[in-house]
Amino acid sequence: MPELAQNRPAAGLRADPRVLARERRRERALAFGVYAFLIIVSLPLVAGYGWLVLNSFSTELVHGVWPEGFTLRHWRFLWEPPSDYYPDLWRTTWNTLWLAIGMTVTMVAVATPTAYALSRMKFRGRSLFLALTLILHAFPGITLLIATYYVLRTLGLLNSIPGVFLVKAALMLPLGVWVMKGFYDAISWDVEMSALVDGASRIQTWYKVMLPQVMPGVASISIFSFIYGWSEYIYVITFIQDKNAWTLSSYINSIVGDYRFLDYGLLSATALFYIAPVLLFFFFTQKYLMRVTIGGTKGGS
Amino acid sequence: MARIRLEGLTKAFGPVVAVNDVNLSIEDGELLALLGPSGCGKSTILLMLAGIYRPTRGDIYFDDQRVNDVPPKGRGVGLVFQSYALYPHMTVFDNIAFPLRLRRAKREEIERRVREVARTAQIEELLARKPSQLSGGQQQRVALCRALVKEPELLLLDEPLSNLDARLRIETRTEIKRLQRELGITTILVTHDQIEALTMADRIAVMRSGVIEQLSKPQELYERPANLFVASFIGDPPMNLVRMEFRNDGGMPRLETAGLTIQLPPSARPQLERAEGREVVLGVRPEDLRFRTEPAPGLPVAQVFMLEPLGRDTLVDMRAGQQSIRALVPGSSEAKIGDTVYLQLEVEKLHVFDGVTGVRLDLGAGEQPALRVEAKGGA
Ligand SMILES: Nc1ncnc2c1ncn2[C@@H]1O[C@H](COP(=O)(O)OP(=O)(O)OP(=O)(O)O)[C@@H](O)[C@H]1O
Ligand SMILES: [Mg+2]
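Note that the structure is a prediction, hence the values are computed from the model and not measured.

The next thing to look at is the overall build of chain A. Helices and strands together make up the secondary structure of chain A, namely twelve helices and four strands. Seen through its C-alpha atoms, chain A measures out along the principal axes to roughly 80 × 60 × 35 Å. Per-residue burial over chain A gives 40% buried out of 301 residues. Counted over contacts in chain A with a minimum sequence separation of 6, partners at least 24 positions apart contribute 72%.

What follows is the structure in structure tokens.
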């Protein structure tokens, strides 16, 4: 009997302090192992960010690692362009923000009603449509680059931020729609019918009863879209040449691709400037994301 | 308040006919129960009355006005869902106020009416909470308040008590009944619990597979079930049902099966004539079955097989020939397991059904009204 208790403590035997202590030790060892593993695998990432910070504030990195001399020289781009070649930084930042917000608004505005229709309404071609959106999502966006270039040129949307976020949103919409559909599916029909019986129209039911319940979904696709929009690179450098429409990724791209020697200090400073808002944004919104799985809100119905 | 009439109401979901040709009229202020097993179409009828489902065929009238094409918001119906269907993102107050706000009622009026109905249901102190912070019984009250606050013409309750524990169910039963009486609202109560239906309803419609099998007052449903289905559905413990043959030779009308013969009064003859030589089903409620332990000539004989004390009563399980028969006797039974007992049957308490169609056959004991339900072909 005692052996049994040691091997697998049953609820009634938990009170034994020796068993408890052993349990606790084992748990602590396990936690230690997990943390050690996580620290080791995330070390390269942390080192990368650390290198960026050091590089941007020091005059020189000895052997590429040891910082020497503190300077703000690399951050001068904040008030004066590194050379005549570069557009105004704040205009570029504004363009980046415009891209991120435009992307977010488009995604939410299209995915929210579309997912409602797919979740709640019966219409011909519904399942075909669902299957097609998945296929579209599986399509690597890069293969469409040339085709979309021509489409945008025809529409006169080249060299414009809306051109980029429309393409980007179109490619991300399948994911957004599926996420939102999961949230709608989790709401019971009874609640919707109840609103109708209470005297709401179909539209009122949607925005007074359904929409508030899928807000976690709206939050999650907004966060994703914003971050994707902010950090978009390939479509920006393909579709936008006009310096007035540059975003920060074009800016950094041209620092990296500068014909002169590569200025690591400047590159690090601009890179930090570029990722800081995303990190901050993520820091403040991650609690919404943590509540979300594809199926709906965690712990929800 | 309204008088409700359903005419030939039918609803099919693809190949599934959920409600089949239902005719029903409900008087102003009446409480009608729809009683039947799971999946028989009760909720479907409610949702058609509320305007959520469109009937495949047939008409719905509120006070002689055909409402088939009237959307839910125009019907003045209050509906309490089995799941309560409260709006999880709103407080209790906002839940109850929701129908009023949609009607653009004035602020003060909303405030007044919500508090009033909340007071009646004794949930005033819960108004600031969210539904997730309420117990099942409290949620049920909120759902009821939300249905009542708009002063509906017709109140529909879809198994409102099924999520409550036994005690709360009895309390709420009385409370709903009282409220319904006071307000005089025409009400349809859906339930699969016969006690609920028998205690609350003015009339009961027993349903099976989308069809109304019997529509009558609770007492009559119990005393004169119109067919085998109703007989076996109503009553707990269920009615004893024994397949027997009707014999009339030798001027002695009687029912026979292996090891059991039951004499019938001569008055039973004309009613059963057409069943002559055919199979019938005899039904006796356990509580109507009496027996004695002293031998008596001419009474059917049975052996006590098992005793199940239920507290107030005892359920006596007996074997008569090959038939298993149960009797419910008050107190504890004087008979012991293995005893031979003699069954005493009162003709007025016997139910006889056609062996093929299941329709009730009258024994002609005393005067009784004619059958209400006609035989259904092949049922
Ligand atoms: N929306 C629907 N689509 C397809 N079939 C349905 C639909 N709603 C109900 N049915 C079918 O119609 C029949 C009646 O369903 P209904 O919900 O009215 O039963 P019920 O009597 O309320 O049962 P319960 O007591 O279990 O609630 C069932 O066979 C059910 O499967
Ligand atoms: Mg139901």
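Right, picking up where we left off after that structure.
Moving on: the sheet that holds strand β18 (residues 323–330) of chain B. Residue and element names in this part refer to chain B. With respect to topology, five strands assemble into an open sheet ordered β15-β19-β16-β17-β18, the strand pairing being antiparallel. Only two strands of the sheet have a single partner each, and these edge strands are β15 (290–292) and β18. Ignoring strand direction, the axes of neighbouring strands in this sheet form an average angle of 45°.

With that settled, consider the site of ligand 1. All names here are of chain B. Residues in close proximity to ligand 1 include Phe-13, Ala-18, Ser-38, Gly-39, Cys-40, Gly-41, Lys-42, Ser-43, Thr-44, Tyr-53, Gln-82 and Glu-159, which together make up its full environment. A distance of 3.3 Å separates a nitrogen atom of ligand 1 from a polar side-chain atom of Tyr-53. The contact in question runs from an oxygen atom of ligand 1 to an N or O atom on the side chain of Glu-159, over 3.1 Å. The element contributing the most residues to the shell around ligand 1 is helix α1 (residues 42–50), with three residues. Counted by class, the shell around ligand 1 contains four nonpolar, six polar and two charged residues.

The next point concerns the sheet that holds strand β10 (residues 211–216) of chain B. All names here are of chain B. Reading across from one edge, β6-β7-β8-β3-β9-β10 is the order of the six strands in this open sheet, with mixed pairing throughout. In the strand order of this sheet, the two ends are held by β6 (77–80) and β10, each with one partner. The average undirected angle you get between the axes of adjacent strands in this sheet is 15°. Where strand β3 (residues 31–35) lies against strand β9 (residues 203–208), four bridges are found, and the strand directions are parallel. Within the sheet, the bridge partner assigned to Leu-32 lies in β9 and is Arg-203. Running over the sheet, α1 touches β3, β6, β7 (154–158), β8 (186–191) and β9 and is turned about 150° from β7.

This part takes up helix α2 (residues 92–102) of chain B. Residues and elements named next belong to chain B. The buried count for α2 comes to nine of eleven residues, which makes it a mostly enclosed element. Residues of α2 that are buried: Val-92, Phe-93, Asn-95, Ile-96, Ala-97, Phe-98, Pro-99, Leu-100 and Leu-102. Arg-104 lies just past α2 and shows a positive phi near 55°.

When a protein is soluble and globular, its nonpolar side chains tend to lie buried together. Counting residues in hydrophobic clusters, the biggest one holds 102 residues, and the most contacted among them are B:Leu6, B:Leu34, B:Leu49, B:Leu156 and B:Ile188. With 13 residues, the top contributor of residues to this core is helix α6 (residues 161–185) of chain A. When sequence neighbours within four positions are dropped, the list of residues in contact with B:Leu49 reads B:Ile4, B:Leu6, B:Ile60, B:Phe62, B:Arg75, B:Val77, B:Leu154, B:Leu156 and B:Ile188. B:Ala121, B:Leu148, B:Leu164 and B:Ala197 belong to the second-largest nonpolar core, a separate cluster that totals 45 residues.

All names here are of chain B. Partitioning chain B into domains gives domain 1 (4–231) and domain 2 (237–374). Here the C-alpha centroids of domain 1 and domain 2 sit 39 Å apart. Contacts between the two partners involve eleven residues from domain 1, matched on the other side by 16 residues from domain 2. A combined buried area of about 1200 Å² lies between domain 1 and domain 2, and 52% of that area is made up of carbon and sulfur atoms. Per-residue buried area on domain 1 facing domain 2 is highest for Tyr-222, Arg-224 and Leu-228; these three make up 51% of the total on that side. Applying the counting criterion to the domain 1 and domain 2 interface returns zero salt bridges. Inspection of the region where domain 1 meets domain 2 yields five residue pairs in polar contact (both at pLDDT 80 or more). Mapped by element, the contributors of at least two residues to the side of domain 1 that touches domain 2 are β10, α7 (218–223) and α8 (228–233). The element contributing the most residues to the side of domain 1 that touches domain 2 is α7, with three residues.

All names here are of chain A. Locating Ser-249 in the fold gives a position in helix α11 (residues 248–256). Residue classification places Ser-249 among the buried residues on the basis of a relative accessible area of 4%. Polar contacts involving the side chain of Ser-249 include one to the side chain of Thr-247, which spans 3.0 Å.

Facing the 21 residues of chain B at the interface are 15 residues of chain A. Taken together, the connections running from chain B to chain A amount to two salt bridges. A salt bridge links A:Asp198 to B:Lys150, with the shortest nitrogen-to-oxygen separation between them at 3.0 Å. Our count for the chain B to chain A interface comes out at eight residue pairs in polar contact (both at pLDDT 80 or more). Put simply, the parts of the chain that give the side of chain B that touches chain A at least two residues each are α1, β6 and α2 of chain B. Ranked by residues supplied to the side of chain B that touches chain A, first place goes to α2(B) with three residues. Here the side of chain B that touches chain A is built from residues that sort into 16 nonpolar, two polar and three charged.

In this section: the pattern of salt bridges. Close approach of charged atoms allows side chains of opposite charge to pair. Residues and elements named next belong to chain B. Applying the stated criterion to the full structure yields 33 salt bridges over all chains. Across the pair Arg-101 and Asp-94 runs a salt bridge, and its minimum N-O distance is 3.0 Å. Exposure remark for Arg-101: the relative accessible area of 40% places this residue in the partly exposed category. A salt bridge links Arg-115 to Glu-111, with the nearest nitrogen and oxygen atoms 2.9 Å apart. Taken together, the residues span about one helical turn, with Arg-115 and Glu-111 both in helix α3 (residues 107–120) at a distance of four residues. Looking at Arg-115, the relative accessible area reads 33%, which means it is partly exposed. Judged by relative accessible area, which is 35%, Glu-111 ranks as partly exposed.

Nonpolar side chains collect at one region of the surface, where A:Leu30, A:Val34, A:Phe37, A:Leu38 and A:Val41 lie side by side and expose about 500 Å² of accessible area between them. Counting through the fold element by element, A:Phe37 comes out in helix α2 (residues 17–57).

Reading the values: rules and limits
Going along each chain's sequence as written, the residues are numbered from 1 onward. Ligands are numbered from 1 and chains lettered from A, in the order in which they are written. With the structure being a predicted model, the display of local features is reserved for residues of pLDDT at least 70 and the display and counting of side-chain atom pairs for 80 or more, all residues being used for whole-chain, interface and lining totals. Values reported for side chains reflect all heavy atoms of the structure, with hydrogen atoms and water molecules removed beforehand. Runs of E in the DSSP output that reach at least two residues are strands. Runs of H or I that reach at least four are helices, and both are numbered from the N terminus. For every residue, the accessible area obtained with a 1.4 Å probe (protein chains only) is divided by the maximum for its type, and the residue is called buried under 20%, exposed over 50%, and partly exposed between those limits. For this analysis, residues touch if any pair of their heavy atoms sits within 4.5 Å. When DSSP locates at least two bridges between a pair of strands, those strands are taken to pair. Interaxial angle, 0 to 180 degrees, is taken between N-to-C directions of lines fitted to C-alpha atoms, where a helix line uses only the stretch in contact. Consider each residue's heavy atoms; a residue with any of them within 4 Å of a molecule or strand counts as near. Think of a polar contact as two N or O atoms within 3.5 Å of one another; within protein, one of them needs to be a possible hydrogen donor and the other a possible acceptor, and neighboring residues in sequence only count if both atoms come from side chains. Under the scheme applied, nonpolar residues are Ala, Val, Leu, Ile, Met, Phe, Trp, Tyr, Cys and Pro; charged residues are Asp, Glu, Lys and Arg; polar residues are all the others, including Gly. Working definition of a nonpolar core: buried Ala, Val, Leu, Ile, Met, Phe, Trp, Tyr and Cys residues. They are joined through side-chain atoms within 4.5 Å. Segment limits for the domains were obtained from an automatic or database-derived domain assignment. When two components associate, each loses some accessible surface as probed by a 1.4 Å sphere; the sum of these losses over both components is called the buried area. What counts as a salt bridge is simple: a side-chain nitrogen of Lys or Arg found within 4 Å of a carboxyl oxygen of Asp or Glu. Each patch is built from salt-bridge-free residues with over 30% relative accessible area, joining like charges within 9 Å and nonpolar side chains (Val, Leu, Ile, Met, Phe, Trp, Tyr) within 5 Å. Here, Shrake-Rupley sampling with a 1.4 Å probe gives the accessible areas, and only protein chains in the shown set may cover a residue.

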